[in-house]
4 protein chains.
Amino acid sequence: MASAETADYGLLSPAWAGTRAAALTSDEALLQAMLDVELEWLRVLASAGLIKTEIPDAVAPACQANRYDIADLAARAQGGGNPVIPLLADLRGKVREEAPAAVGPIHKAATSQDILDSALMLMSARALETILADAYRAQSALANLAREHADTLSVARTLTQHSLPSTFGLKAAQWLHGIGQATAALEAAAAALPLQWGGASGTMAALTTAAVSSAAAPLDLSADLAARLGLADPVAPWQTNRLPVTALGSALADLLAAAGKVSNDVLLLSRPEIGEVSEPREEGRGGSSAMPQKQNPVLSVLIRSAALAAPGYTAMLQAAAGAADDERPGGSWHVEWQALRQLLRLAGGAAAKLAELASGLQVHTDAVARNLALAGPLVVSEKVMARVAPLLDAGAPGSGKKKVQGLVSRSLAGEDFAALLRAEVPALSEAEISDLLDPANYIGQSAALIERITSAYPGRKNA
Amino acid sequence: MASAETADYGLLSPAWAGTRAAALTSDEALLQAMLDVELEWLRVLASAGLIKTEIPDAVAPACQANRYDIADLAARAQGGGNPVIPLLADLRGKVREEAPAAVGPIHKAATSQDILDSALMLMSARALETILADAYRAQSALANLAREHADTLSVARTLTQHSLPSTFGLKAAQWLHGIGQATAALEAAAAALPLQWGGASGTMAALTTAAVSSAAAPLDLSADLAARLGLADPVAPWQTNRLPVTALGSALADLLAAAGKVSNDVLLLSRPEIGEVSEPREEGRGGSSAMPQKQNPVLSVLIRSAALAAPGYTAMLQAAAGAADDERPGGSWHVEWQALRQLLRLAGGAAAKLAELASGLQVHTDAVARNLALAGPLVVSEKVMARVAPLLDAGAPGSGKKKVQGLVSRSLAGEDFAALLRAEVPALSEAEISDLLDPANYIGQSAALIERITSAYPGRKNA
Amino acid sequence: MASAETADYGLLSPAWAGTRAAALTSDEALLQAMLDVELEWLRVLASAGLIKTEIPDAVAPACQANRYDIADLAARAQGGGNPVIPLLADLRGKVREEAPAAVGPIHKAATSQDILDSALMLMSARALETILADAYRAQSALANLAREHADTLSVARTLTQHSLPSTFGLKAAQWLHGIGQATAALEAAAAALPLQWGGASGTMAALTTAAVSSAAAPLDLSADLAARLGLADPVAPWQTNRLPVTALGSALADLLAAAGKVSNDVLLLSRPEIGEVSEPREEGRGGSSAMPQKQNPVLSVLIRSAALAAPGYTAMLQAAAGAADDERPGGSWHVEWQALRQLLRLAGGAAAKLAELASGLQVHTDAVARNLALAGPLVVSEKVMARVAPLLDAGAPGSGKKKVQGLVSRSLAGEDFAALLRAEVPALSEAEISDLLDPANYIGQSAALIERITSAYPGRKNA
Amino acid sequence: MASAETADYGLLSPAWAGTRAAALTSDEALLQAMLDVELEWLRVLASAGLIKTEIPDAVAPACQANRYDIADLAARAQGGGNPVIPLLADLRGKVREEAPAAVGPIHKAATSQDILDSALMLMSARALETILADAYRAQSALANLAREHADTLSVARTLTQHSLPSTFGLKAAQWLHGIGQATAALEAAAAALPLQWGGASGTMAALTTAAVSSAAAPLDLSADLAARLGLADPVAPWQTNRLPVTALGSALADLLAAAGKVSNDVLLLSRPEIGEVSEPREEGRGGSSAMPQKQNPVLSVLIRSAALAAPGYTAMLQAAAGAADDERPGGSWHVEWQALRQLLRLAGGAAAKLAELASGLQVHTDAVARNLALAGPLVVSEKVMARVAPLLDAGAPGSGKKKVQGLVSRSLAGEDFAALLRAEVPALSEAEISDLLDPANYIGQSAALIERITSAYPGRKNA
């Protein structure tokens, strides 16, 4: 029923268009959440004996989002600055036709912000189920990668340059570490999403008046609504205290940052010159409009784009929170809605793509080995320094370090490092040199760290 | 033809939903711009004799955005990371059916980024016409306000407190100053929007090959395309140099900031306790879902919300520009599209609302006068200090200042300032005191500044 | 020992210059934290028998930050991209002179990032003690305000306009609600600040080699270091997983946003036309360079400026986290340091100023009452609508609402609301009308909410 | 004279610590700029006959920044919310001792914001001289690189994957394109930095009163001051219209983004597996605290860190501009100062490092050639598609494309592309195949674009 000409379908948002999280956060999904809040509140009132018991069912048929012209609602939302006001007009209009006696109690003692904030939390909760499920799928896949490649020797890189030997398993475990931490924090945030219920100015005045003859206290009624909607019951209305929104936004951004880290690595490692990994292939993915040979790591490209967008949205949420004033903010509240939704979508798109990426990532162990070999024996120069410098200190503490640094410099300039050690450090036997320069002997706690990380983030039983 | 379930109609964006700028930046508008670029390029090729002259007209019927399923295109855009690839498939599909011989030349020598960047610039240019027209309407209205209230004495405020006398006209002129500067800069940015045309990697290689037998040099062909699209012809392709995007984004954000300044003032001045202005009334605007007496300054609320969102989007654009790499960036390019579009929409919504607000703003001169009176004679204490302190210096330079500060403090504590001056500064005659304390005598260059500002920003002839 | 010419003393940062948090986060404080980490690590090694027991005490005298030329260290930090490398050179230089035999073990098995990340966490922990203490002081003061003014009738405001009756106590309680939530979250973040200890590439390879002959496992040694520094022992090194940094940054930003909300309200309420509160006076505060009568609410101005800066810094932290790559990021790590420190300073400045503001805030109850009176009887029109509309429904459900809206509109246009009710709603007795229009009868759950909030955020025993 | 304990020397900011731009934007530099504005204003007044001619010289000795205790000024700035108030107290104190008769005229008719805004512009102008000089040095070096490698065949990369042949010269030219555009815009911004001069509330009231007996109009006096300081004379005071600040900030950010692009590429290209470039070596640069063999590309790391920080600062500036209200904003003005300064420093550090990087960049042409060879013949598959597909169309338009795509896929799977063409496209002669697959024949307008870019951005004569 809505006008297609001015609608967005995600044409400029391949990072999340077409995903499940997108569907769960569409205008229609938000509209449904608003209607759900209105309807569930009628059930609370009926259950408390404050309205007739048949009212909720009489209103229910009008509480289906697909019966509304969303584009028209959106345009009319300019009038009051939020979509609840035109929605109520249309909802009441439908009920007036279908069940006139049920019109009166609709939106009783509520205010726009109650409906919209609670609907945003409800929509977030629904989207988070999918986002978390995908994040846990990604965790499981990353844990598998970590364990599978626990012994795949690789070269670590710091500030873009080869640094020390490591394992590909530890790299995957560290990806899991980031995703695992962020997912755990996001799950905690999901469990804390609160109902908003304060009435026109956060005093619950209308509800207090309405419930004056009831056995139920107003705060019990709002607690009942929270329970019915699956939301947390807050200490008090939070219409001007926006930590529930900023905290959710930050947790989503943290997941996006962790996913961004993985995507950056995959983009690097799948460069032709490095070639350690390839994204999972799928028909119709990774092509180019011009170059027939291209196989672009497009999952990572889109995850990275999502991570790059996130900081701007959290800046909006925090700016809005800090700009709040009075008993309902003029303008700052309004800026949160779209920013929060975009973070849900970006996180949803990134989590889904990450799960797919991690599940199908191809690791080219030959290239991993080749790059480690390219690093040469200097990749263990830290160890050589620690082992050999004392042998060369000869009465002058610290002089050994300079001598080893000299050997390293000569090797950087082209000389064979093993030969230099043989020549300059007679105290080392050939076996010791060979042992010293073997990268497999210098991966430290790789195995223990993989074990700690995979144990700490085991994924979710039913994911 | 698109799926309503996952579409956005602006339900969470009352700041711009339903505006002309929104329609000019919808997915369909962007799609049309992409098709326009593809079609106009065929005209360039035909005009240069590189393809048959009848090709463009044969392709034209397929270049109508409303023939495409946008939701489907959006979902398929995930495959290649941008919407051009699925669009080309569908475009070629339609032409294959309708004019098979015309399929071949479509997208000849072009690449996705050429089409999408150029389409974004084209869409921006179209939206900017409306945005600038509204900004100029706002300028005219603000200039009228400034001139009309050039003599309306008012109280200036700094750090929220009454400071000096001023005029309401100067306040309006300063609003114009901000909007005028930002509009001029935005108009300059609009005139500089460049075509993107570099082929798959910015070398124009495919075009060079295609045009090898032609009299036209590749760079002449791209210049022709730029002229046909009304875009600037850049020094070179800018696929990794994103200043055209960041500069446009910054100019839009500056307009939003200037509009935000106006809205902040209107929100303050329309508070019941201050009451100096009211927003223009309109049926259906400013109501509340709960409180029947409410008349909210919703134009300003929405302008303010737009201004609060802008910094986050410019942060995205600048982060994207700084993250570019290679000959086409993986991920950072993708994050620009939505951020730029949102800035166009926010600026479009804010400009339209500002034009309406400025055109109909009611100034309550009685309240303006009342608030100046509330400030009392201390509002000219700066002048009293300058005039009276030397009279009290009596041999000790600087001592006069302390004495005047003492009188000010006593007046702050409740004593009548004029009476204090009479008692403590015998050198001042009654007429001098009266003259000294008259705020109308202390508005400085208000008139001259109003004249300078309104002359500098006269609006546009045909706006 | 540092060069004054290029130093910053906070001249452009009145929001935090001169505060305790500033001193705890100065370059010298950071330098001291780095030296503390180096020294404490020697104690761990000595305690594990890996180095001689006398080493730490021999190195300790060189671990005093005030012995270093910080400006010189800063300039030399460009060479390696971080300050640890030149610091080590100077530290070793001093020890070489003072206790030559102790030079060797310094920085054993550690890497720059271990030192700098751990030092940043240590410095954060130290600054957070002060920040949290101030936040709890603010909480106590706000709780006092809330209880003291539980019965001070006031007018609530939404979208800048008078909405419903409320109490000043509830406003203060909501300030507490925001600060309380944010403080609790920040305290949790403070308790989770982790040690960073992974060696050159996060494998703990050097340590594994060094500890090969020891009874202590490398991960036990790092746990010991964490315990000595009062930091948390993480699952694994987090050199590329920056959630510990972003989470702390977000928690600081949330406190700043909550403080910003309070400051916005104080700035509004202390405007001369509103006049409900005044900031605590103090000699030398709130003056102007030009106007002797000015008493600016400068505590709130500075708190607000801190809140406005925060979103930009969190955007930096999140951008940095999402840009990480490899086993140590090139560039993104470096951007965190200053952003995190600025958030600590801003939060420290804001918390200190808020504690002072809340402790000394003057509430002008006469102005509070005057503004409520200014709102007039329409401030309870929501209640009138609920009570009276059904009386006027007369067979046509919904028609009563329109009639009441008509009465409200006539009252907005100037007619006396009570008189209108008398004339148009004969069913209401005079006593009922009087009762209905009394704002004291329409403050809902104000008392209960004040109680809930003050109970939930009782402050800290020893604060 | 300032306290070292709480000072910053840039220990956490290796991106700019120790640079010339840092020295030109230190607290002392800002203080000097404030004193310069105060002193120059006295010269204006003396020149106009409004104060005695000997006053300026009498005040001049006190206008030396190194005579002030900056840490003390910074701490006292909390009182009035800006550093001008305590500075005036100290300045007057010194003059009172040294030339008592000259105290009175100091700061005559000025206000804090006049001094601070003008000083920030003055400091910016001074820093920009250095920044622009370095940017032009970088331009010259990049132009040299572009010309020198105009014929160095290389492989272009899009979305991280090999795309087409190109030249290293074009890559360098595109670096120049970005830097050149940004520098030109920054130079324009530098030329537009305006004086701020409006008095306590932007009306110039005090000045009007002071100049009442003078031949000089107040706006002539401020124009004279602007000329003396080398600043632009604005249409009107801009105390609440912050476009001069946001525009400068955006221009600095654009330069940082362009520099960031270069650094990203250098970081990628200097990875060991790619190896196309090396940063210029310098003693003491690029080392590691742990690994003796490391040679980190630390110039690029620091440039990249500067680019990553910029968007957060521009977000602050734009948030501040949009939050302005009244005749002087409470809080939003205050947040600009540090954000603007940090952008100057980051741009200054990045420009200096970029100039050094570009001047000494080592291009390893053997590696450039090796990577192009690694791309293999498929790097021209776009050309093959254009040339060969029509040969295979055989009656079915479009079928040729599929056939070529089939050959490309077989080649991706391991078959020799030339052999495939020989076998499947008999119409092609061996010479044609060889010609077709030669990457040197497919670099399009590389030479022309290098020429256009180097001509458009020739650097500055005296740079």
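Reading the values: the criteria
- Residues numbered from 1 in each chain as written.
- Chains lettered and ligands numbered in written order.
- Predicted model: local features only at pLDDT ≥ 70, side-chain atom pairs only at ≥ 80, totals over all residues.
- Heavy atoms only, no water.
- Least-squares fit on C-alpha atoms with pLDDT ≥ 70 in both.
- Contact = heavy atoms within 4.5 Å.
- Core = buried A, V, L, I, M, F, W, Y, C linked by side-chain atoms within 4.5 Å.
- Buried < 20%, exposed > 50% of the residue type's maximum accessible area, 1.4 Å probe, protein only.
- Patch = residues over 30% accessible without salt bridge, like charges linked within 9 Å, V, L, I, M, F, W, Y side chains within 5 Å.
- Areas by Shrake-Rupley, 256 points an atom, 1.4 Å probe, with all protein chains shown as cover.
- Salt bridge = Lys/Arg side-chain N within 4 Å of Asp/Glu carboxyl O.
- Lys, Arg positive; Asp, Glu negative; His and termini not counted.
- Charge placed at Lys NZ, Arg CZ, Asp CG, Glu CD.
- Helix = DSSP H or I, 4+ residues; strand = E, 2+ residues; numbered from the N terminus.
- Pairing = 2+ DSSP bridges.
- Expected span 1.5 Å × (residues − 1).
- Buried area = accessible area lost by both parts, 1.4 Å probe.
- Polar contact = N/O pair within 3.5 Å; in protein donor to acceptor, adjacent residues only side chain to side chain.
- Nonpolar A, V, L, I, M, F, W, Y, C, P; charged D, E, K, R; others polar.
- Phe/Tyr/Trp six-rings, centres within 6.5 Å; stacked < 30°, edge-to-face > 60°.
- Axes fitted to C-alpha atoms, helices over the stretch in contact; angles between N-to-C directions.
- Parallel < 35°, antiparallel > 145°, perpendicular 65-115°, else oblique.
- Left-handed = near helix turned anticlockwise from the far one by under 90°.

*Asks:* Hey, could you go over the relation of the copies chain D and chain C for me, with residue numbers and the actual values?
*Replies:* Structural alignment of chain D on chain C gives an RMSD of 0.0 Å, achieved by rotating through 180° and translating 0.0 Å along the axis. Both copies are brought into coincidence by an operation consistent with a two-fold rotation axis. Ranked by how close their C-alpha atoms come to the rotation axis, the residues of chain D are headed by G312 of chain D, at 2.0 Å. With an isologous cut-off of 70% or more, the 100% of interface residues of chain D that recur at the interface of chain C puts this contact in the isologous class.

*Asks:* Tell me about the relation of the copies chain D and chain B, and name the residues and values.
*Replies:* Overlaying chain D on chain B yields an RMSD of 0.0 Å, the required transformation being a rotation through 180° with an accompanying axial translation of 0.0 Å. Of the residues that chain D buries at the interface, 99% are likewise interface residues in chain B, meaning the two copies contact each other through the same surface.

*Asks:* With reference to specific residues and values, describe the nonpolar core.
*Replies:* For soluble globular proteins, the rule of thumb is that nonpolar side chains tend to be buried together. Membership of the largest hydrophobic core comes to 669 residues, with the highest contact counts inside it found for I131 of chain A, I131 of chain B, I131 of chain C together with I131 of chain D. Beyond its immediate chain neighbours, meaning those up to four positions away, I131 of chain D contacts A21, L186, L252, L255, L344, A347, G348 and A351 of chain D.

*Asks:* Residues and numbers for a positive patch on the surface, please.
*Replies:* Taken together, the side chains of R96 and K108 of chain A together with K401 and K402 of chain C make up a positively charged region of the molecular surface. Structurally, the position occupied by K108 of chain A is in the loop between helix 5 (84-98) and helix 6 (112-148).

*Asks:* Run through the pairing of strand 2 (residues 161-167) of chain B, naming residues and quoting values.
*Replies:* Residue and element names in this part refer to chain B. The buried fraction of strand 2 amounts to 7 of the 7 residues, a majority that puts the element mostly inside the structure. Bridge count for strand 1 (residues 153-158) against strand 2 is 5 bridges, and the pairing is antiparallel. Across the sheet, T158 pairs through a bridge with Q161, a residue of strand 2. What sits between strand 1 and strand 2 in their antiparallel hairpin is a turn of 2 residues, with L159 showing a positive phi close to 50°.

*Asks:* Quick rundown of helix 7 (residues 168-191) of chain C? Include the residues and the values.
*Replies:* Over its 24 residues, helix 7 of chain C runs 34 Å from end to end, which matches the ideal 34 Å to within 8%, given 1.5 Å per residue. Here helix 7 of chain C lies mainly inside the structure; 18 of its 24 residues are buried.

*Asks:* Please provide a residue-by-residue account of the side chain of T130 of chain D, values included.
*Replies:* Relative to the assigned elements, T130 of chain D resides in helix 6 (residues 112-148). Once residues within four sequence positions are removed from consideration, T130 of chain D is found in contact with R20, A21 and L24 of chain D.

*Asks:* So what about the interface of chain D and chain B? Which residues, and what values?
*Replies:* Listed per partner, the contact involves 81 residues of chain D and 80 residues of chain B. Here chain D packs against chain B, burying approximately 6,700 Å² in sum over the two surfaces, 56% of which is carbon and sulfur. Taken together, the connections running from chain D to chain B amount to 4 salt bridges. The shortest N-O distance in the salt bridge between R452 of chain B and D233 of chain D comes to 3.9 Å. Connecting chain D to chain B are 41 residue pairs in polar contact (both at pLDDT 80 or more). Grouping the amino acids of the side of chain D that touches chain B by side-chain chemistry returns 38 nonpolar, 28 polar and 15 charged.

*Asks:* Report on the packing of aromatic side chains, specifying residues and quantitative values.
*Replies:* Here the structure, examined in full by the defined rule, presents 14 aromatic pairs over all chains. Note on Y313 of chain A and Y313 of chain B: the rings are 5.8 Å apart at their centroids and 85° apart in plane angle, and the pair reads as edge-to-face. Within this pair, whereas Y313 of chain A is found in helix 11 (residues 298-322), its partner Y313 of chain B is found in helix 11 (residues 298-322), the two belonging to separate chains. Looking at Y313 of chain A, the relative accessible area reads 4%, which means it is buried. When the ring of W333 of chain A is compared with that of W337 of chain A, the centres are 4.9 Å apart and the planes differ by 85°; the resulting orientation is edge-to-face.

*Asks:* Lay out the interface of chain D and chain C with the relevant residues and their values.
*Replies:* Contacts between the two partners involve 77 residues from chain D and, on the opposite side, 77 residues from chain C. At the boundary of chain D and chain C, one finds 21 residue pairs in polar contact (both at pLDDT 80 or more). Looking at the side of chain D that touches chain C, the elements that each hand over two or more residues are helix 2 (27-47), helix 4 (70-80), helix 5 (84-98), helix 6, helix 11 (298-322) and helix 12 (332-360) of chain D. It is helix 11 of chain D that provides the largest number of residues to the side of chain D that touches chain C, a total of 11 residues. Considered class by class, the residues forming the side of chain D that touches chain C number 39 nonpolar, 26 polar and 12 charged.

*Asks:* Please set out unusual backbone geometry residue by residue, giving values where relevant.
*Replies:* Positioned with a positive phi, H107 of chain B is a non-glycine residue whose angle comes to about 65°. Along the chain, H107 of chain B turns up in the loop between helix 5 (84-98) and helix 6 (112-148). The backbone phi angle of L159 of chain D is positive, close to 50°, even though this residue is not glycine.

*Asks:* Break down the pattern of salt bridges for me, citing the residues and quoting the values.
*Replies:* This structure, assessed with the given rule, holds 101 salt bridges over all chains. One network of salt bridges, in which partners are shared, links E40, R43, D57, D224 and R228 of chain A.

*Asks:* Give a description of the environment of L256 of chain B that names residues and reports values.
*Replies:* All names here are of chain B. With respect to the helices and strands, the residue L256 is situated in helix 10 (residues 243-269). Here L256 falls in the buried class, since its relative accessible area comes to 1%. Separated by 201 residues in sequence, L256 and Y457 place their C-alpha atoms 17 Å apart.

*Asks:* Got a sec to walk through the packing of helix 11 of chain D against helix 12 of chain D? Specific residues and values, please.
*Replies:* All names here are of chain D. Running from N to C, helix 11 and helix 12 cross one another at 155°; their axes reach a closest spacing of 9 Å. With respect to their mutual orientation, helix 11 and helix 12 come out roughly antiparallel. Crossing handedness for the pair helix 11 and helix 12: left-handed. Grouping the amino acids of the contact of helix 11 with helix 12 by side-chain chemistry returns 18 nonpolar, 4 polar and 3 charged.

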